[in-house]
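# Notes for the structure review
The primary structure of each chain is shown beneath.
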Amino acid sequence: MSAALQGGCGAGRSTRLSRHADHRSRERSIPASVIDALLDFGDRARSGTGAETCYFTKRSWKKFATYLGREARHFERYRAAYAIVADDGEVITTCWRQ
């Protein structure tokens, strides 16, 4: 994990991932630090019954990049990642926008 994320984004939180989300995030190379950033900084939209999508918009990415400072350049590739989160806070899956 990046030094910029230690003690900040998702610090002290144990993000709950479903077995499916854990498998998909590893398969799609989306690290836990990015999932935490999506939950902390991303915009949210309802995604069916009992879930919502967390994703970066230009505005939310700018907030995240400001938080990271110079380290943001290392996370640029994750701008298109998103997570589906159940209403109970468990991450259901992670994906890439096309």
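Only a predicted model underlies this, so the values are computations on that prediction, with no experimental measurement involved.

### Some thoughts on the packing of aromatic side chains
Within the structure shown, the criterion is met by eight aromatic pairs. Between Phe-41 and Phe-64 the ring centres are 5.3 Å apart and the planes differ by 50°, which places this aromatic pair in the tilted class. Here Phe-64 lies in helix α3 (residues 58–68) and Phe-41 lies in helix α2 (residues 32–41), a separation of 23 residues in the sequence. Overall, the relative accessible area of 1% leaves Phe-64 in the buried class. Residues Phe-41 and Tyr-67 carry aromatic rings whose centres are separated by 5.2 Å and whose planes lie at 45° to one another, so their mutual orientation is tilted.

### A few points about the pattern of salt bridges
With the rule as written, the count across this model stands at six salt bridges. Residues Arg-46 and Asp-87 are paired through a salt bridge, measuring 2.8 Å at the closest nitrogen-oxygen approach. With Arg-46 in strand β1 (residues 43–46) and Asp-87 in the loop between β3 (81–86) and β4 (91–96), the pair connects residues that are 41 residues apart, well separated along the chain. With its nearest N and O atoms 2.9 Å apart, the salt bridge here joins Arg-79 to Glu-76. A relative accessible area of 38% places Glu-76 in the partly exposed class.

### Things to note about the pairing of β1
Sheet topology note: the β1/strand β2 (residues 51–55) ladder contains four bridges and is antiparallel. Paired with Asp-43 across the strands is Tyr-55, a residue of β2. In this structure, the hairpin formed by β1 and β2 is closed by a connection of four residues, where Gly-48 is found at a positive phi of approximately 80°.

Cut-offs applied
- Residues numbered from 1 in each chain as written.
- Predicted model: local features only at pLDDT ≥ 70, side-chain atom pairs only at ≥ 80, totals over all residues.
- Heavy atoms only, no water.
- Phe/Tyr/Trp six-rings, centres within 6.5 Å; stacked < 30°, edge-to-face > 60°.
- Helix = DSSP H or I, 4+ residues; strand = E, 2+ residues; numbered from the N terminus.
- Buried < 20%, exposed > 50% of the residue type's maximum accessible area, 1.4 Å probe, protein only.
- Salt bridge = Lys/Arg side-chain N within 4 Å of Asp/Glu carboxyl O.
- Pairing = 2+ DSSP bridges.

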